[in-house]
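Read off the chains here:
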Amino acid sequence: MKAAYFRNTGGPECIEVGQIPSPVLDNNTVLVEIHAVSVNPIDTYIRNGANFWPLPNPYVIGSDFAGRIVQVGAHVRDWRVGQRVWGSNQGLMGRQGTFAEQAVIDPVWLYASPDSLSDQDLAANALVGITAHLGLFDRARLKPGETIFVRGGTGGVGAMVLQMAKAVGAKVVTTAGSEEKAERCRQLGADRVILYREESLSEVLLSEFPQGVDVFWETLREPDFDLGVRAMAPNGRMVVMAGRDARPEFPVGPFYVKGCSVLGFAMFNASPEVQRQAAEDINHWMQTGKLRAQIDRILPLDQAAQAHRLQESNTISKSGVLQGKIVLQIEHPTGT
Ligand SMILES: NC(=O)c1ccc[n+]([C@@H]2O[C@H](COP(=O)([O-])OP(=O)(O)OC[C@H]3O[C@@H](n4cnc5c(N)ncnc54)[C@H](OP(=O)(O)O)[C@@H]3O)[C@@H](O)[C@H]2O)c1
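Residues numbered from 1 in each chain as written. Predicted model: local features only at pLDDT ≥ 70, side-chain atom pairs only at ≥ 80, totals over all residues.

Asker: I'm lost on the overall build of the protein in this one. Help?
Answerer: Each helix and strand counted, the protein has nine helices and 16 strands in total. Taking 2.2 N^0.38 as the reference for a compact globule, 336 residues should give roughly 20 Å; the C-alpha atoms of the protein span a radius of gyration of 20 Å, in line with that estimate. Buried positions account for 49% of the 336 residues belonging to the protein. (Helix = DSSP H or I, 4+ residues; strand = E, 2+ residues; numbered from the N terminus. Rg over C-alpha atoms; globule rule 2.2 N^0.38 Å. Buried ≥ 20, exposed ≤ 12 C-beta atoms within 10 Å, placed from the backbone.)

Written out as structure tokens, the structure reads:
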């Protein structure tokens with residue numbers, strides 16, 4: 001089958017697109033014909049060797065997928081051939097990835113695709129949607145009427161956090177690097193968008209929200225605890241989920257006197273059951289128009305290396321080149 005893969009970690013150029021043996025399912029797995037996948041920052045960390053799971057060789061890149069079941073293992077009960085499915089959490093913890101014509105998937109990571117939703121949209125929302133759900137509801141326990149600040153309202157995770165917070169009746173404050181991105185945030189329901197290149201983020205947060213925000217979601221790889229603790233309300237919760245090597249300063253006194261918490265998590269550690277709850281809400285909110293996929297561009301599988309370059313430029317170099325997700329469409333010789 002055709003796949004995007006690497007044999008040795010390195011720069012984006014280590015990704016090859018070519019033929020590798022098709023995966024073979026066992027009694028407890030299903031074979032999925034992959035139609036759309038999306039790129040996440042973690043794909044680039046695995047590729048450059050920063051994550052240290054043992055990898056299959058060749059290692060097919062990618063976590064997210066949407067497609068159609070073409071074969072079902074003998075012991076698999078609840079899934080049938082022809083069913084449209086989506087999911088995430090592949091390519092992680094030593095599992096094989098998804099940027100290929102086919103992937104063998106353990107059904108614990110499969111979710112039914114609603115008829116009305118496209119494979120591109122489902123793939124785009126997979127990992128980032130599950131991440132946002134875990135952080136908002138499993139960790140920060142966001143409640144209706146609360147105020148949340150999330151950095152980067154058009155970012156992969158940020159756009160999901162923004163929309164899910166609105167879906168449950170929270171007030172959302174976010175940032176954008178351009179007026180065009182700010183307008184997108186407003187369309188997604190943001191109550192206040194701070195143009196962080198033109199306005200002082202701390203001044204706006206402290207002057208316009210003097211009572212403090214209940215949840216401060218930091219998406220940057222250098223979490224700003226000084227700002228987070230100042231901007232939070234008493235008993236505020238700060239979500240931290242990026243920046244493995246970061247060693248930021250931490251204002252201990254104000255933090256504990258205010259009774260704040262810092263909540264960290266990595267989506268790949270969440271159980272299949274918890275991730276399924278997230279997937280069910282994602283399906284529901286996407287069907288009801290409350291959670292819209294933010295796709296910056298759709299590329300062919302052949303451009304997998306270029307997709308990694310773009311993602312790194314956006315997430316690591318902060319170039320602002322993306323306004324949403326990079327989706328790759330996988331064509332099949334049969335035309336499916
Ligand atoms: N722990 C987990 O489970 C988990 C899961 C998913 C992702 N992550 C991590 O979360 C991070 C974000 O992922 P992502 O997929 O959302 O990345 P992304 O799509 O590249 O988004 C990055 C965001 O950061 C914003 N940004 C960059 N520089 C900024 C600055 N100086 N001030 C304010 N905003 C700034 C960008 O906004 P503008 O374009 O407006 O500048 C953009 O919205 C990554 O490090 C990723 O590895 C962790």
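Asker: Hey, could you run me through the sheet that holds strand E1 (residues 2-6) in this one?
Answerer: Strands in a sheet are paired, the pairing made by backbone hydrogen bonds, and the direction either parallel or antiparallel. A sheet is described by the order of its strands in space; here three strands give the open sequence E2-E1-E4, paired in antiparallel fashion. Looking at strand neighbours, the two that pair on one side only are strand E2 (16-19) and strand E4 (59-60), the edges of this open sheet. Sheet topology places E1 next to E2; four bridges connect them, and they run antiparallel. Looking at E2, one finds that Tyr 5 is bridged to Glu 16. (Pairing = 2+ DSSP bridges.)

Asker: Sorry if this is basic, but what is going on with the site of the ligand here?
Answerer: Close to the ligand lie 30 residues, the nearest being Gly 152, Gly 155, Gly 156, Gly 177 and Ala 242. Contributions of two or more residues to the shell around the ligand are made by helix H1 (41-48), helix H2 (119-139), helix H3 (156-167), strand E10 (171-176) and helix H9 (304-315). The element that contributes the greatest number of residues to the shell around the ligand is H3, accounting for three residues. For the shell around the ligand, a count of residues per class yields 13 nonpolar, 13 polar and four charged. Shared between two domains, the shell around the ligand takes at least three residues from each, and those domains are domain 1 (2-113 + 294-329) and domain 2 (127-267). (Near = placed C-beta within 6 Å. Nonpolar A, V, L, I, M, F, W, Y, C, P; charged D, E, K, R; others polar. Domains from an automatic or database assignment.)

Asker: Just to check I follow, could you spell out the domain arrangement of the protein for this structure?
Answerer: Many descriptions give the size of an interface as the accessible area lost when the pieces come together. Looking at the protein, the domain boundaries give domain 1 (2-113 + 294-329) and domain 2 (127-267). The interface is formed by nine residues belonging to domain 1 together with nine residues belonging to domain 2. Across the side of domain 1 that touches domain 2, the residue classes tally to no nonpolar, seven polar and two charged. (Contact = placed C-beta atoms within 7 Å.)

Asker: Hey, could you run me through the packing of H2 against H3 in this one?
Answerer: Relative to each other, H2 and H3 sit at 55°, their axes nearing to 8 Å. The angle between H2 and H3 falls in the class oblique. The handedness of the crossing between H2 and H3 is right-handed. Each of Asn 125, Val 128, Gly 129, Thr 131, Ala 132, His 133 and Leu 136 in H2 lies in contact with H3, whose residues at this interface are Gly 156, Val 157, Met 160, Val 161, Met 164 and Ala 165. Grouping the amino acids of the contact of H2 with H3 by side-chain chemistry returns eight nonpolar, five polar and no charged. (Axes fitted to C-alpha atoms, helices over the stretch in contact; angles between N-to-C directions. Parallel < 35°, antiparallel > 145°, perpendicular 65-115°, else oblique. Left-handed = near helix turned anticlockwise from the far one by under 90°.)

Asker: Sorry if this is basic, but what is going on with the pairing of strand E11 (residues 192-195) here?
Answerer: Every other side chain in a regular strand lies on the same face of the sheet, so the side chains alternate between the two faces. Examined bridge by bridge, E10 and E11 share four bridges and lie parallel to one another. Residue Val 173 lies in a different strand from E11, and its bridge partner there is Arg 192.

Asker: Could you clarify how one ought to interpret the packing of H1 against H9 in this entry?
Answerer: Helix packing for two helices is described by the angle between their axes and how far apart those axes are. Between H1 and H9, the shortest axis-to-axis distance is 9 Å and the interhelical angle comes to 110°. In terms of axis orientation, H1 runs roughly perpendicular to H9. Contacts from Pro 41, Asp 43, Thr 44 and Arg 47 of H1 reach H9 at His 308, Gln 311, Glu 312 and Thr 315. Across the contact of H1 with H9, the residue classes tally to one nonpolar, four polar and three charged.

Asker: I would appreciate a short explanation of the nonpolar core in the present structure.
Answerer: For soluble globular proteins, the rule of thumb is that nonpolar side chains tend to be buried together. Membership of the largest hydrophobic core comes to 94 residues, with the highest contact counts inside it found for Phe 99, Ala 123, Ile 148 and Val 161. Per-element tally for this core: the top contributor is H2, with 10 residues. Counting only domains with at least three residues in this core, you end up with domain 1 (2-113 + 294-329) and domain 2 (127-267). Discounting chain neighbours no more than four positions away, the residues touching Val 161 are Ala 132, Leu 136, Val 150 and Trp 217. (Core = buried A, V, L, I, M, F, W, Y, C linked by C-beta atoms within 7 Å.)

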